[in-house]
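Inside the fold
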Amino acid sequence: MQKNHYRFIALALMAESFIIYASVLVKLTDMPPMNLGFYRIVLALPIFWLMANARRNIFKIPLKDIGFMMGAGVFFAFDLLFFNLALRHTSVANVNLFASLVCFILMPIGIFFFKEKFKKSFVIGGVVAFFGIIILVGDKGELSVATPFGDFMAFLSVLCYSSFLGVIYSLRKQYGTLEIMFFACISSCIVLLVLALIFEGFKIPKNMSDFGIIALIALCGQVIGQGFFNYILGKVNTQTSSLLLLFSPIIAALMGFFILGESLGIFEICGICIIIFGVYLAKRENY
């Protein structure tokens, strides 16, 4: 069982890496945020349909459960909207900082709605890890453009993403990732398309290179990243899955160092070590 636990953790970290890579790609296209969110979902939709329909007749799922899946998609649509807006108006470091707050939102969801056992070590470790995240992204936030509006968009994104994960977690007890993601993507597409038509107008990629970037965002961020992470939600509890999200700033920092040539100084390394120590404190009661 413990071996499987580590396997799920490895899969979750891989999923986070693809999600973060997709967020880096967002910076490379000037597609408006609502249109970009729509393309990310609609390009992933056929893949989820083909894979889900190969396993079972997905349209035999009760309408009530389909409604919950589509409700999760609405939360995800607004998460993408606020996330893309945040990336345009604040630093990537600040977005990662706010994203780590998911840990402290999912914990009460798991306790109150799914009757999970409360652990003091989780709170202590989570606070220690969050302190490490502040150290890790602090200097990077000062070196890049950040605005109160962008930070507020990042905060709204965290609230929507936490709600999305909470609904997905409840559904994963009965349904597979592919079925859930297919119906969630349908409602996400509808919401984002309507918002794009109202506020931005429908846009198309300006050239094949731009389309390639958008397609890569859909593949890495939606199909591989969200697909695998939502699979993990059916294998571990909300506290473990939310703790794993604390590794996002570490992955972002390492990706920036190895891919983008960004600096990784003593403060960043200390922050990484503190995050890892905090996660260890939070999970040590389970072993």
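Residues numbered from 1 in each chain as written. Predicted model: local features only at pLDDT ≥ 70, side-chain atom pairs only at ≥ 80, totals over all residues. Heavy atoms only, no water.

What follows concerns the packing of aromatic side chains. Scanning the model with the defined rule gives eight aromatic pairs in all. Seen from their ring centres, F38 and F202 are 6.2 Å apart, and the 75° between their planes marks the pair as edge-to-face. One end of the pair, F38, is in helix α2 (residues 33-53); the other, F202, is in the loop between α8 (177-199) and α9 (208-232), and 164 residues separate them in sequence. With a relative accessible area of 11%, F38 lands in the buried category. For F202, a relative accessible area of 43% gives the class partly exposed. Summarising the aromatic geometry, the rings of F78 and F82 are spaced 6.2 Å apart at their centres and angled 35° between planes, so their arrangement reads as tilted. Taken together, the residues F78 and F82, both in helix α3 (residues 63-89) and four residues apart, mark about one turn of the helix. (Phe/Tyr/Trp six-rings, centres within 6.5 Å; stacked < 30°, edge-to-face > 60°. Helix = DSSP H or I, 4+ residues; strand = E, 2+ residues; numbered from the N terminus. Buried < 20%, exposed > 50% of the residue type's maximum accessible area, 1.4 Å probe, protein only.)

The subject of this paragraph is the nonpolar core. Core analysis: the biggest nonpolar cluster contains 88 residues, and F164, L165 and F229 have the highest contact counts within it. Counting residues per element, this core draws most heavily on α3, at twelve residues. When near neighbours in sequence (up to four residues on either side) are disregarded, F229 contacts A12, A15, E16, Y161, L165, S241 and L245. (Core = buried A, V, L, I, M, F, W, Y, C linked by side-chain atoms within 4.5 Å. Contact = heavy atoms within 4.5 Å.)

Turning next to empty space enclosed by the protein. Per the counting criterion, the structure on display carries two cavities of 30 Å³ or more. Estimated volume of the largest cavity: approximately 400 Å³. Considering the residues around the largest cavity, the lining is formed by 23 residues, among which I19, F83, A99, Y161 and Q226 are closest to the centre. If you tally residues by element for the lining of the largest cavity, the top one is α3, at five residues. (1 Å grid on protein atoms, 1.4 Å probe; cavity = no way out; pocket = protein on both sides within 12 Å on 5 of 7 lines; lining within 4 Å. Points joined across faces, edges and corners; volume = space filled by probe spheres on them.)

In short, the description is geometric, and any link to function would need to be established separately.
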